[in-house]
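Here's the letter readout for the chains.
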Amino acid sequence: MITRIPATSLTAIALSLMFLGNPACAQQATQEKPTQGQPDSSGAAAAVSDQKIEAFAVAYLQVDKIRQEYSAKIGATSDPTAKQQLQTEASKQMVQAVQSSPGISVDEYRTILAAAQKDPVLVKKVQDKLQKSAPAQQ
């Protein structure tokens with residue numbers, strides 16, 4: 001059972017998702033997303049509905065499984081070309097995991113991740129949902 005999801009895990013997933021879709025636009029997209037919601041971090045948690053946080057938590061758990069699986073594979077590979085191929089494969093699977101999760105899009109997922117990196121209240125809400133969702137996912 002997951003007792004606490006550290007913000008560093010959210011950051012790791014965010015970094016993984018930066019390579020999703022169009023890698024050339026990923027950095028620009030992640031930089032622009034946080035400004036679409038509330039301009040200050042104190043309002044970010046209020047801007048994300050409980051339903052979206054729950055959908056995010058379900059998708060997050062799937063993406064985290066993929067991240068863990070591929071992290072081990074990438075770490076065990078010394079060939080740079082093979083590592084890049086595994087990273088691309090992992091990114092595609094992460095996108096598919098988010099797309100197949102009900103109630104959330106890849107853009108919404110990225111937006112919540114970006115907001116959570118700046119808002120401790122939102123991180124707490126996400127962690128609470130993850131704790132409740134984790135047993136159902138196992």
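Residues numbered from 1 in each chain as written. Predicted model: local features only at pLDDT ≥ 70, side-chain atom pairs only at ≥ 80, totals over all residues. Heavy atoms only, no water.

Colleague: Can you explain the packing of helix H4 (residues 50-75) against helix H6 (residues 106-116)? Please cite residues and give values.
Modeller: Their axes nearest at 10 Å, the elements H4 and H6 cross at an angle of 95°. As judged from the angle between their axes, H4 and H6 are roughly perpendicular. In this structure, H4 contributes Lys52, Phe56, Ala59, Tyr60 and Val63 to the contact, and H6 contributes Glu108, Tyr109, Ile112 and Leu113. Classifying every residue of the contact of H4 with H6 by side-chain character gives seven nonpolar, no polar and two charged. (Axes fitted to C-alpha atoms, helices over the stretch in contact; angles between N-to-C directions. Helix = DSSP H or I, 4+ residues; strand = E, 2+ residues; numbered from the N terminus. Parallel < 35°, antiparallel > 145°, perpendicular 65-115°, else oblique. Contact = heavy atoms within 4.5 Å. Nonpolar A, V, L, I, M, F, W, Y, C, P; charged D, E, K, R; others polar.)

Colleague: Describe in detail helix H5 (residues 80-99), supporting the description with residues and values.
Modeller: Under the 1.5 Å per step criterion, the end-to-end length of H5 is 29 Å for 20 residues, consistent within 8% with the ideal 28 Å. Taken as a whole, H5 has its buried residues at Leu86, Ala90, Ser91, Met94, Val95, Ala97 and Val98. (Expected span 1.5 Å × (residues − 1). Buried < 20%, exposed > 50% of the residue type's maximum accessible area, 1.4 Å probe, protein only.)

Colleague: Outline the pattern of salt bridges, supporting the account with residue identities and numerical values.
Modeller: Scanning all chains against the criterion turns up six salt bridges. The shortest N-O distance in the salt bridge between Arg67 and Asp64 comes to 2.7 Å. On the criterion of helical spacing, the pair formed by Arg67 and Asp64 is a turn pair, its members being three residues apart in helix H4. Comparing Arg67 with Asp64, the two get one shared label, buried. As a salt-bridge pair, Glu69 and Lys73 come within 3.3 Å of each other at their nearest N and O atoms. Here the residue Glu69 and the residue Lys73 both occupy positions in helix H4, the gap between them amounting to four residues, near one helical turn. Relative accessible area serves as the criterion here: at 39%, Glu69 is assigned to the partly exposed category. (Salt bridge = Lys/Arg side-chain N within 4 Å of Asp/Glu carboxyl O.)

Colleague: Tell me about the nonpolar core, and please be specific about residues and values.
Modeller: The nonpolar side chains of a soluble globular protein tend to be buried, and buried together. Ranked by size, the top nonpolar core spans 29 residues in total, and within it Phe56, Val98, Ile104, Tyr109 and Leu122 carry the most contacts. Looking at this core, the elements that each hand over two or more residues are H4, H5, H6 and helix H7 (120-137). At 11 residues, H4 tops the list of elements feeding residues into this core. (Core = buried A, V, L, I, M, F, W, Y, C linked by side-chain atoms within 4.5 Å.)

Colleague: Any chance you could break down the confidence of the model for the protein chain for me, citing the residues and the numbers?
Modeller: Mean pLDDT over the protein chain stands at 76; residues scoring 70 or higher make up 63%. Here helix H2 (residues 23-36) stands out as the element of the protein chain with the lowest mean pLDDT, 36, in contrast to H5, whose mean of 95 is the highest. Confidence drops under a pLDDT of 50 for residues 18-42, and excluding neighbours within four residues, the segment shows 20 contacts in the predicted structure. (pLDDT = per-residue confidence, 0-100.)

Colleague: Describe the packing of aromatic side chains, naming the residues involved and giving the relevant values.
Modeller: Between two aromatic rings, the relevant description is the distance of the centres plus the angle of the planes. Applying the stated criterion to the full structure yields two aromatic pairs. On the numbers, 5.9 Å between centres and 35° between planes, the contact of Phe56 with Tyr60 is tilted. On the criterion of helical spacing, the pair formed by Phe56 and Tyr60 is a turn pair, its members being four residues apart in helix H4. We note that Phe56, like Tyr60, is buried. (Phe/Tyr/Trp six-rings, centres within 6.5 Å; stacked < 30°, edge-to-face > 60°.)

Colleague: Break down the environment of Arg110 for me, citing the residues and quoting the values.
Modeller: Structurally, Arg110 can be placed in helix H6. Residue classification places Arg110 among the buried residues on the basis of a relative accessible area of 13%. Separated by 54 residues in the primary sequence, Arg110 and Phe56 have C-alpha atoms spaced 9.5 Å apart.

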